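# Residue-level structural notes
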Amino acid sequence: MKRICFFILVAVTFFACDQKQVFDSYREVGSSGWSQDSVFYFNFNITDTVSSHNLYINVRNQGNYANSNLWLFLNIDSPDGSRMADTVEFTLADPTGRWLGSGLGDLHDCRLVYRSNVFFPKSGEYSFSIRHGMRDEVLKGIRDIGVRVEKVK
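This one's a predicted model, so the numbers in the text were calculated from it and none came from an experiment. (Residues numbered from 1 in each chain as written. Predicted model: local features only at pLDDT ≥ 70, side-chain atom pairs only at ≥ 80, totals over all residues. Heavy atoms only, no water.)

### With respect to the overall build of the chain
Of regular secondary structure, the chain possesses one helix and 11 strands. From first element to last, N terminus to C terminus, the chain shows the α and β order α-β-β-β-β-β-β-β-β-β-β-β. By the burial criterion, 37% of the 153 residues in the chain qualify as buried. Excluding contacts between residues fewer than 6 apart, the proportion of contacts in the chain whose partners are at least 24 apart in sequence is 79%. (Helix = DSSP H or I, 4+ residues; strand = E, 2+ residues; numbered from the N terminus. Buried < 20%, exposed > 50% of the residue type's maximum accessible area, 1.4 Å probe, protein only. Contact = heavy atoms within 4.5 Å.)

### What about the sheet that holds strand 11 (residues 142–151)?
Spatial ordering of the open sheet is given by 1-11-4-8-7, a layout of five strands whose pairing is antiparallel. Looking at which strands have only one partner, the edges of the open sheet turn out to be strand 1 (21–28) and strand 7 (102–104). This sheet shows a mean twist of 15 degrees between the axes of neighbouring strands, independent of strand direction. (Pairing = 2+ DSSP bridges. Axes fitted to C-alpha atoms, helices over the stretch in contact; angles between N-to-C directions.)

### Brief notes about the sheet that holds strand 5 (residues 69–77)
The strand order across the open sheet formed by four strands is 3-9-5-6, and the pairing between neighbours is antiparallel. Strands at the two margins of the open sheet, each flanked by one partner only, are strand 3 (40–46) and strand 6 (83–91). Within this sheet the neighbouring strands show an average axis-to-axis angle of 25 degrees, counted without direction. Pairing geometry for strand 3 and strand 9 (residues 124–132), over seven bridges, is antiparallel. Note on strand 9: the bridge partner recorded for Phe44 is Tyr126.

### Description of the confidence of the model for the chain
For the chain, mean pLDDT is 89; residues scoring 70 or higher make up 88% of the total. Averaged pLDDT values over the elements of the chain bottom out at 46 in helix 1 (residues 2–16) and peak at 98 in strand 5. When the criterion is pLDDT under 50, residues 5–16 qualifies, and its contacts beyond four places in sequence or with other chains add up to one contact. (pLDDT = per-residue confidence, 0-100.)

### Topic: the pattern of salt bridges
Any two side chains of opposite charge can pair, so long as their charged atoms come close to each other. Counting across every chain of the model gives 10 salt bridges. Of the charged contacts in the structure, one is a salt bridge between Asp94 and Arg98, with a shortest N-O distance of 3.4 Å. (Salt bridge = Lys/Arg side-chain N within 4 Å of Asp/Glu carboxyl O.)

### Things to note about the side chain of His132
Examined against the element boundaries, His132 turns out to sit in strand 9. From its side chain, His132 meets the backbone oxygen of Trp34 in a polar contact 3.0 Å long. From its side chain, His132 meets the backbone nitrogen of Met134 in a polar contact 3.1 Å long. Setting aside its immediate chain neighbours within four residues, His132 contacts Trp34, Ser35, Gln36, Trp71, Leu72, Phe73, Glu137 and Leu139. (Polar contact = N/O pair within 3.5 Å; in protein donor to acceptor, adjacent residues only side chain to side chain.)

In C-alpha cells, the structure reads:
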C-alpha cells in the first residue's frame, strides 16, 4: 500500500510540472507604489533557437487600482546587444469594472499575452525590462509585475 501511494505521489508531481515553462518570475512593486522611473528587470537564458515561444506579462493588482488598463514600456535586449523596444496597453478590467484573470479577495492575478510564436534567433541571456507608462507619477494598486516565457508545444 505504501508503494502504491508513493508511485501515485511521484506521478502527480511529475505531471504537475509545467513542461512548457522556460522562465516565470515576479518582482514586487512595493507598498509605496510604482514610480515612473522604477524599472523592473528579468534575465533569462534561451537555449532553444528552433522552437517558438509565447511571452506573457503577469500583473497582480489590488482592488484599489484606479484604472482598467495599464500602459507599459518594454525592452528586450538580446545576447548580441540588439534591443527591441515596445509600448503596449493591457486591459485589466472589463467595461463593467470586473477584474480579468483570477483573484481571491482583494488581489487579482492576470496573465496577459504580450507576443505569440516568437523565435529567439540567438542562444544566451536575454534581458526584459518593464516600466509603466501611465500618467500618474506613482502608480498605486499594482502589487507585482512579472514575465513568463514558455515554449509552444
